[in-house]
Amino acid sequence: MNTTHDWMTFHLVRFAQSVNGVGKPMPGPAAADIWRFAPSSKVGPTGYTCDDPVWGGFGLYTSRQDAEDVIKSPAKHLPFLENAVEAWHALVIPYAHRGAVKWRETVQTDSAIKPAAADPKGPLIIFTTAGFDTAESATPQRVMAFVRGVQDVVDHYRTLSGNLRADIFSAGLVDGREGCTVSLWRDDKAMMAAAHKGGEHKGQLDYHKVTPHFDRSSFTRGRIVASAGTWDGTDPVKDMALA
C-alpha cells in the first residue's frame, strides 16, 4: 500500500452546553496541515446555525506518527476536551479525493488531500464540502436553497439502516472556509445506494445540474484504521462491516 498519502484524524466532541462558534475557531493539533472544526449545523434564518453543544471536524497530516499521536493522546493536542462530556476520535486513511475546496489560503482542485493509491478497505467514512466562489454569488436565495438541500440529504441518510452517523459541520461563520458533512456507513454498498441510486442525494444532484445551489464541491472517502470513545453513546465502528 502507498505510504506517501496523507493521514486524517476525525473528532466528534459534545460539550455540556451549547458553544457559539462565530469568529471563534478552536485550535487544533500543532502538527495538522489542515484543521477544520465547527459546530453541528442546522438550518437557520439566513443560512447555517453556528451554536451547538456538538462540534466535529478533522485534522490532516503528512505523517502517520503525527496523526497517531493525536489519537493516542487527544487531550494533549486538543485542550478544549477538558470541557467535553463525550468525545469520539478516529484515525483515517483517505483513499479518494475529488473536487474543489478552500481549506487552505486558496481554492484547490483535486489536490487538497493526497489519497492512498489503493483502497485499504475497512470501515467507511465520507466527507463532502461545497462553497461559493464570491460573496456576490452567495445570494440569500442560493444560500438557503443549498442549506435546505444539504439538511434534507442528511435527514434522509439518518432514516436509513445502512447509515450509522451523519452530521453537518459548517465552518463558514467560524473562520470563513468550508467545513464538511460527515457520514459513516455500515458498508460500501449502503453508501453507494444512498448517494447514487435514487433518494434525496441523487435528487439534489439532479436539481443542482439545472439550478446550481453552489459553485464548487468536493468529496473524500476514507477508511477508519482505529477509533476511541463514543458518538451518541457508542463507538459506531463496532457496528460497521469490514469490507
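A quick note: this is a predicted structure, and the numbers were derived from the prediction, not measured.

(A) Spatial organisation of the overall build of the chain. Counting its secondary structure elements, the chain contains 6 helices and 9 strands. In terms of C-alpha radius of gyration, the chain reaches 17 Å, essentially the compact-globule figure of 18 Å for 243 residues. Dimensions of the chain, computed from the C-alpha atoms along their principal axes, are close to 45 × 35 × 35 Å. For the chain, long-range pairs separated by at least 24 residues make up 75% of all intrachain contacts whose partners lie at least 6 apart in sequence. Taken as a whole, the chain presents about 11100 Å² of accessible surface, with 53% of it coming from carbon and sulfur. Of the charged side chains in the chain, 26 are positive and 27 negative; the average position of the first set lies 4 Å away from that of the second.

(B) Representation of the side chain of Ser 183 in the model. As for its position among the elements, Ser 183 is in strand E8 (residues 180-185). Assessed through its relative accessible area of 7%, Ser 183 is described here as buried. There is a polar contact of 2.8 Å between the side chain of Ser 183 and the side chain of Trp 185. The contact partners of Ser 183, leaving out residues within four places of it in the chain, are Leu 124, Ile 125, Ile 126, Asn 163, Arg 165 and Ala 166.

(C) Spatial organisation of the nonpolar core. Of all hydrophobic cores here, the largest spans 31 residues; its most connected members are Tyr 48, Leu 124, Phe 146, Val 150, Tyr 157, Trp 185 and Met 191. Listing elements by their share of this core, those giving two or more residues are helix H1 (64-72), strand E4 (84-101), strand E6 (124-131), helix H3 (140-157), strand E7 (163-169) and helix H5 (188-196). Element by element, the count of residues in this core is highest for H3, at 7 residues. Setting aside chain neighbours within four positions, we find Phe 146 in contact with Tyr 48, Ala 130, Phe 132, His 213 and Phe 214. Listed in part, the 29 residues of the second largest apolar core include Phe 10, Val 54, Trp 103 and Ala 171.

(D) Structural detail: the side chain of His 11. Tracing the backbone through its elements, the reader meets His 11 in strand E1 (residues 7-20). According to the relative accessible area criterion, His 11 is buried, its value standing at 0%. For His 11, the side chain forms a polar contact with the side chain of Thr 9, separated by 2.9 Å. Non-local contacts of His 11, meaning those with residues more than four positions away in its chain, are made with Trp 35, Phe 37, Trp 55, Gly 56, Gly 57, Val 70, Ile 71, Leu 78, Trp 88 and His 89.

(E) A look at H1. Every buried residue of H1 is accounted for by Ala 67, Val 70 and Ile 71. Down the axis of H1, the buried set is contained in an arc of 100 degrees. They therefore lie on one face. Set apart from the buried face of H1 by more than 90 degrees, the exposed residues are Gln 65 and Lys 72. Close packing links the buried residues of H1 with E1, strand E3 (51-61), helix H2 (74-77) and E4. Between the side-chain oxygen of the N-cap and the backbone nitrogen of Gln 65 there are 3.2 Å, and the N-cap of H1 in question is Ser 63.

(F) Seen up close, H5. Of all the positions in H5, only Ala 190, Met 191, Ala 194 and Ala 195 are classed as buried. Relative to the axis of H5, the buried residues are bounded by an arc of 115 degrees and lie together on one face. Put simply, Asp 187 is the residue that caps the front of H5, since its side-chain oxygen is 3.3 Å from the backbone nitrogen of Lys 189.

(G) Representation of the pairing of E4 within the structure. The buried count for E4 comes to 15 of 18 residues, which makes it a mostly enclosed element. Summarising the sheet, E1 and E4 pair through 8 bridges and their orientation is antiparallel. Opposite His 11, over in E4, you have His 89 as the bridge partner. Relative to strand E9 (residues 216-229), E4 runs antiparallel, the two sharing 11 bridges. Counterpart to His 97 in the pairing with E9 is Thr 220. The antiparallel pairing of E4 with strand E5 (residues 108-109) creates a hairpin that spans 6 residues between the two strands.

(H) How the structure looks around the state of the cysteines. The full count for this structure, using the stated rule, is 0 disulfides. Here Cys 180 is not disulfide-linked; the sulfur of Cys 50 is the nearest cysteine sulfur, at 13 Å.

Conventions adopted
Residues numbered from 1 in each chain as written. Predicted model: local features only at pLDDT ≥ 70, side-chain atom pairs only at ≥ 80, totals over all residues. Heavy atoms only, no water. Helix = DSSP H or I, 4+ residues; strand = E, 2+ residues; numbered from the N terminus. Rg over C-alpha atoms; globule rule 2.2 N^0.38 Å. Contact = heavy atoms within 4.5 Å. Areas by Shrake-Rupley, 256 points an atom, 1.4 Å probe, with all protein chains shown as cover. Lys, Arg positive; Asp, Glu negative; His and termini not counted. Charge placed at Lys NZ, Arg CZ, Asp CG, Glu CD. Buried < 20%, exposed > 50% of the residue type's maximum accessible area, 1.4 Å probe, protein only. Polar contact = N/O pair within 3.5 Å; in protein donor to acceptor, adjacent residues only side chain to side chain. Core = buried A, V, L, I, M, F, W, Y, C linked by side-chain atoms within 4.5 Å. Arc of directions from axis to C-beta. Pairing = 2+ DSSP bridges. Disulfide = S-S within 2.5 Å.

That's the geometry; what it means functionally is another story.
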